[in-house]
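Next come the chains, spelled out residue by residue.
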Amino acid sequence: MMEQTVVLIKPDGFAKKVVGQVIDRFERAGLSIVGLKLVRLTQAILDVWYAHHKDKPFFPELCSQMMATPVVAIVLAGEGAIQKVFDLCGPTDPQDAAPGTIRKDFGVDKPHNVVHRSDSAEAAEKEIGLLFTSAELYPERS
Ligand code: CMP
C-alpha cells in the first residue's frame, strides 16, 4: 500500500551533522521525499505531537530537548513506507537496535535516538497536519 510517513531528525542528529546520511538511507530504500524543511518546534506543537507521553516523567525533558535547535522534518512516501522507515530507524532505545539501523549507528540512548518516525498511518496524518501545509507537499513524485 502506498503510504506517507513523517521523520524528524532530532536536535541530537542535527548537532552530529548526520542529516545527509540519514536522508540517504531513506532514499536508498526507495522512499521518496515529498516534504522537507527545518522547523523550530514549540510547546504548543509538542503538547499535541506527544499527547500520549504527556503524563510520563520524561515529558518535560523530552520537550526541552526537542526545542533546543531546529529539527529536520521530512515526509516520506512509498510502498509500505511506515514499516520500511520503522525498520530503517530501529527500536526507540539505540542499545536494543541492530547494527545498520539509524538509531544504532548514530544514536546513544532513548533521549538521544536521532530520529522520530510515525507509529501508524493515523499518527502520520496527524503529524503531517501539524507541520506541513498541502502547498509544502509534492506527493505527485512518490
Ligand atoms: P520517540 O519514540 O520518537 O518519541 C518519544 C521519545 O521520548 C522517544 O523517541 C525518546 O527519544 C524519548 N524518551 C526519553 N526518555 C524516554 C523513556 N524513558 N522511554 C521512552 N522514550 C523516552
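Our subject in this report is the structure included herewith. (Residues numbered from 1 in each chain as written. Predicted model: local features only at pLDDT ≥ 70, side-chain atom pairs only at ≥ 80, totals over all residues. Heavy atoms only, no water.)

## Notes on the site of the ligand
So, step 1. If you check the shell around the ligand, you find Lys 10, Tyr 50, His 53, Phe 58, Leu 62, Thr 92, Arg 103, Lys 110, Pro 111, Asn 113 and His 116 and nothing else.
So, step 2. Lys 110 is positioned with one of its backbone polar atoms (N or O) 2.5 Å from an oxygen atom of the ligand.
So, step 3. A distance of 3.3 Å separates an oxygen atom of the ligand from a polar atom in the side chain of His 116.
So, step 4. When isolated, the ligand has an accessible area of 450 Å², and the protein chains bury 80% of it. (Near = heavy atom within 4 Å. Polar contact = N/O pair within 3.5 Å; in protein donor to acceptor, adjacent residues only side chain to side chain. Areas by Shrake-Rupley, 256 points an atom, 1.4 Å probe, with all protein chains shown as cover.)

## Some words on unusual backbone geometry
So, step 1. Phi at Lys 17 is positive, roughly 60 degrees, even though this residue is not glycine.
So, step 2. Looking at the secondary structure, you find Lys 17 in the loop between helix H1 (11–16) and helix H2 (19–28).
So, step 3. The residue Val 114 is not glycine, and still its phi comes out positive at about 75 degrees.
So, step 4. Mapped onto the elements, Val 114 comes out in the loop between helix H6 (102–106) and strand E4 (115–117).
So, step 5. Judged by relative accessible area, which is 0%, Val 114 ranks as buried. (Helix = DSSP H or I, 4+ residues; strand = E, 2+ residues; numbered from the N terminus. Buried < 20%, exposed > 50% of the residue type's maximum accessible area, 1.4 Å probe, protein only.)

## Things to note about the packing of aromatic side chains
So, step 1. Summed over the entire model, instances satisfying the criterion amount to zero aromatic pairs.
So, step 2. Between the NZ or CZ atom of Lys 37 and the centre of the ring of Phe 132, over which it lies, the distance is 4.8 Å.
So, step 3. The lysine or arginine in question, Arg 117, covers the ring of Phe 86, its NZ or CZ lying 4.0 Å from the ring centre. (Phe/Tyr/Trp six-rings, centres within 6.5 Å; stacked < 30°, edge-to-face > 60°. Lys NZ or Arg CZ within 6 Å of the ring centre and 35° of its normal.)

## Description of the nonpolar core
So, step 1. The biggest cluster of nonpolar side chains holds 21 residues, and the ones touching the most others in it are Leu 8, Leu 41 and Leu 131.
So, step 2. Looking at this core, the elements that each hand over two or more residues are strand E1 (2–9), strand E2 (32–39), helix H3 (43–49), helix H4 (59–66), strand E3 (71–79) and helix H7 (121–131).
So, step 3. Other than its neighbours up to four places away in sequence, Leu 41 contacts Leu 8, Leu 46, Met 66, Met 67, Val 71 and Leu 131.
So, step 4. Core analysis: the next-biggest nonpolar cluster, separate from the first, contains 18 residues, Val 22, Val 85, Cys 89 and Ile 102 among them. (Core = buried A, V, L, I, M, F, W, Y, C linked by side-chain atoms within 4.5 Å. Contact = heavy atoms within 4.5 Å.)

## Some remarks on the side chain of Glu 3
So, step 1. Among the structural elements, Glu 3 can be located in strand E1.
So, step 2. There is no salt bridge for the buried Glu 3, and the closest opposite charge comes from Lys 84, which lies 9.1 Å off by N-O distance.
So, step 3. Side-chain polar atoms of Glu 3 contact the backbone nitrogen of Ala 81, separated by 3.1 Å. (Lys, Arg positive; Asp, Glu negative; His and termini not counted. Salt bridge = Lys/Arg side-chain N within 4 Å of Asp/Glu carboxyl O.)

## Quick notes on helix H5 (residues 81–89)
Turn by turn, an α-helix covers 3.6 residues, leaving residues three or four places apart pointing in a common direction.
So, step 1. Among the residues of H5, those classed as buried are Ala 81, Ile 82, Val 85 and Cys 89. Seen end-on, H5 carries its buried residues on one side only, within an arc spanning 100 degrees.
So, step 2. Taken together, the buried residues of H5 touch E1, H2, E3, H6, E4 and H7.
So, step 3. Directly beyond the C-terminal end of H5, a positive phi value near 85 degrees is found at Gly 90. (Arc of directions from axis to C-beta.)

## Describing the environment of Asp 55
So, step 1. Considering the arrangement of structural elements, one finds Asp 55 in the loop between H3 and H4.
So, step 2. On a C-alpha basis, the gap between Asp 55 and Gln 95 in space is 24 Å, while along the polypeptide they are 40 residues apart.

## Looking at the sheet that holds E2
So, step 1. In spatial order, the strands read E2-E3-E1-E4; together these four strands make up an open sheet with antiparallel pairing. Two strands bound the open sheet, and with one partner strand each, they are E2 and E4. With strand direction ignored, the average angle separating the axes of adjacent strands in the sheet is 20 degrees.
So, step 2. Pairing geometry for E2 and E3, over seven bridges, is antiparallel. In the strand pairing of E3, Leu 38 is matched with Val 72.
So, step 3. Seen against the sheet, H2 touches E1, E2, E3 and E4 and runs at an angle of roughly 165 degrees to E1.
So, step 4. H7 rests against E1, E2, E3 and E4 of the sheet, and its axis sits at about 55 degrees to E1. (Pairing = 2+ DSSP bridges. Axes fitted to C-alpha atoms, helices over the stretch in contact; angles between N-to-C directions.)

Function cannot be inferred from these measures alone, as they are strictly geometric.
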